[in-house]
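So the chains spell out like this:
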Amino acid sequence: MDLSIIIPFYNEVESLPELVRWIREVMAREGYSYEILMIDDGSTDGSWDIVTGLSTEFPEIKGLSFRRNYGKSAALYEGFAMAEGDVVFTMDADLQDSPEEIPEMYRMVKEEGYDLVSGWKKHRKDNALTKNLPSKLYNWTARKVTGVRLHDMNCGLKAYRKAVVKDIEVYGEMHRYIPYLAKNEGYTKIGEKPVHHQKRKYGKSKFGIERFFNGLLDLMSLWFLSRFGKKPMHFFGTSGILMFLVGFALTLWVIIEKLVRQAHGLRFRAVTDQPLFYLALIALILGVMLFLAGFVGEMIARSTPTRNAYNIKARL
């Protein structure tokens, strides 16, 4: 099979029939063998009934429906597990992603050897204040932290080599950082293609401004796990030692200053009367706690079944 198209959706009853027919037109023109995987993320507006009806008319449609809304990452996780095509596409169900982009992205994967091709909504049709500006800030931060040079990391329209979607695990809200997950698994040939972005035709966006704050928190978590997930002592131990040394140095300073002033007959305060002494004690305690957290983290990391899980490219 040439390709799989995964479409996660939530309450998109108006757009689904139009999207499916649009995809079929492109596929028929290009002559691909394909499947459309419709993943219903707990819709309550009858979207799954529409998909059920379409599947009786178009046998290439497969899918599943969650009992409740779990989020886009859960839908993509199930879609990736089901996908059988050599190239796997993801796209949103709101008609803002154009199926006309599929042939060129497919060619980039198959002929140019990309592991992942991400769409770039270069000219967005969203509100500039609530979508465009936060998106630019988010993508700039993501580029700096991850090292993945994409202008639009969270674009729903992406093409993957099949091996990529089988090797990565999407969970929580990590669908925003699939290119970074792929990079961490050794799939480093990641490209992008400017894609046509259309104005939403039906309904309204399911995402609010809070997703950008959540996205930054998820980025911090993912960066930490990818950097220190298998060696937590390198982070907590180093931080603990530095904090302990700072506290120890402050404690010595307070005590020595008091003794020197006392020896010279100068006015002095008792060590326990100085606020700096208590700050030093807090630093000492925090240093010990961070160091112990590193030990606990190492024990957890060494007991996980994936501690020696590596992505092997080839064997002889």
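What you are looking at is a predicted structure, and each value in this text was computed from that prediction instead of being measured. (Residues numbered from 1 in each chain as written. Predicted model: local features only at pLDDT ≥ 70, side-chain atom pairs only at ≥ 80, totals over all residues. Heavy atoms only, no water.)

A. View of the pairing of strand β5 (residues 116-120). Of all 5 residues making up β5, 5 are buried, and the element is well covered by its neighbours. When β5 meets strand β7 (residues 190-194), the two strands line up parallel, connected through 5 bridges. The residue of β7 that forms the bridge with Trp-120 is Pro-194. (Buried < 20%, exposed > 50% of the residue type's maximum accessible area, 1.4 Å probe, protein only. Helix = DSSP H or I, 4+ residues; strand = E, 2+ residues; numbered from the N terminus. Pairing = 2+ DSSP bridges.)

B. Up close: the packing of helix α1 (residues 16-30) against helix α2 (residues 47-57). For the pair α1 and α2, interaxial distance at closest approach is 10 Å and the crossing angle is 30°. α1 and α2 meet at a crossing whose hand is right-handed. On α2, the residues touching Leu-16, Pro-17, Val-20 and Arg-21 of α1 are Ser-47, Ile-50, Val-51, Leu-54 and Glu-57. (Axes fitted to C-alpha atoms, helices over the stretch in contact; angles between N-to-C directions. Left-handed = near helix turned anticlockwise from the far one by under 90°. Contact = heavy atoms within 4.5 Å.)

C. Structural detail: the nonpolar core. Counting 35 residues, the largest nonpolar core has Leu-3, Ile-5, Ile-7, Met-27, Met-38 and Phe-89 as the members making the most contacts within it. Going through the elements one at a time, β1 (3-9), α1, β2 (34-40), α2, β4 (87-90) and α4 (102-110) are the ones with two or more residues in this core. Considering every element that reaches this core, the biggest residue donor is α1, with 7 residues. The residues touching Phe-89, leaving out its near neighbours within four places in the chain, are Leu-3, Ser-4, Ile-5, Ile-6, Ile-102, Met-105, Tyr-106, Lys-158 and Ala-159. (Core = buried A, V, L, I, M, F, W, Y, C linked by side-chain atoms within 4.5 Å.)

D. Spatial organisation of the confidence of the model for the protein. Here the protein averages 88 in pLDDT, and 94% of its residues register 70 or above. Confidence scores differ between elements of the protein, with helix α5 (residues 128-146) showing the lowest mean pLDDT of 76 and β4 the highest of 97. (pLDDT = per-residue confidence, 0-100.)

E. Here's a closer look at the packing of aromatic side chains. Summed over the entire model, instances satisfying the criterion amount to 13 aromatic pairs. Ring centres of Phe-224 and Phe-228 lie 5.5 Å apart, and the angle between their planes is 45°; this geometry places the pair in the tilted category. You can see Phe-224 and its partner Phe-228 sitting in helix α8 (residues 210-228), 4 residues apart, about one turn around the helix. The class for Phe-224 is partly exposed, based on a relative accessible area of 21%. A relative accessible area of 12% means that Phe-228 is categorised as buried. Connected via pairs of aromatic rings, a cluster forms that spans Trp-223, Phe-224, Phe-228, Phe-235 and Phe-236. Directly above the aromatic system of Tyr-114 lies the positively charged group of Lys-189, at a separation of 5.1 Å from the ring centroid. (Phe/Tyr/Trp six-rings, centres within 6.5 Å; stacked < 30°, edge-to-face > 60°. Lys NZ or Arg CZ within 6 Å of the ring centre and 35° of its normal.)

F. Examining the sheet that holds β2 more closely. Strands sit in the order β3-β2-β1-β4-β6-β5-β7 across an open sheet of 7 strands; the sheet is mixed. The open sheet has two free edges, formed respectively by β3 (61-65) and β7, since each of these has just one partner strand. Strand-to-strand twist of the sheet, defined as the mean angle between neighbouring strand axes without regard to direction, takes the value 20°. The strands touched by α4 within the sheet are β1, β4, β5, β6 (158-161) and β7, with β4 carrying the most contacts at an inclination of about 140°.

G. Expanded view of unusual backbone geometry. The backbone of Asn-11 shows a phi angle near 55°, a positive value even though the residue is not glycine. As for its position among the elements, Asn-11 is in the loop between β1 and α1. Phi is positive for Leu-95, which is not a glycine, with a value near 70°. The topology assignment puts Leu-95 in the loop between β4 and α4. With relative accessibility at 4%, the residue Leu-95 sits in the buried group.

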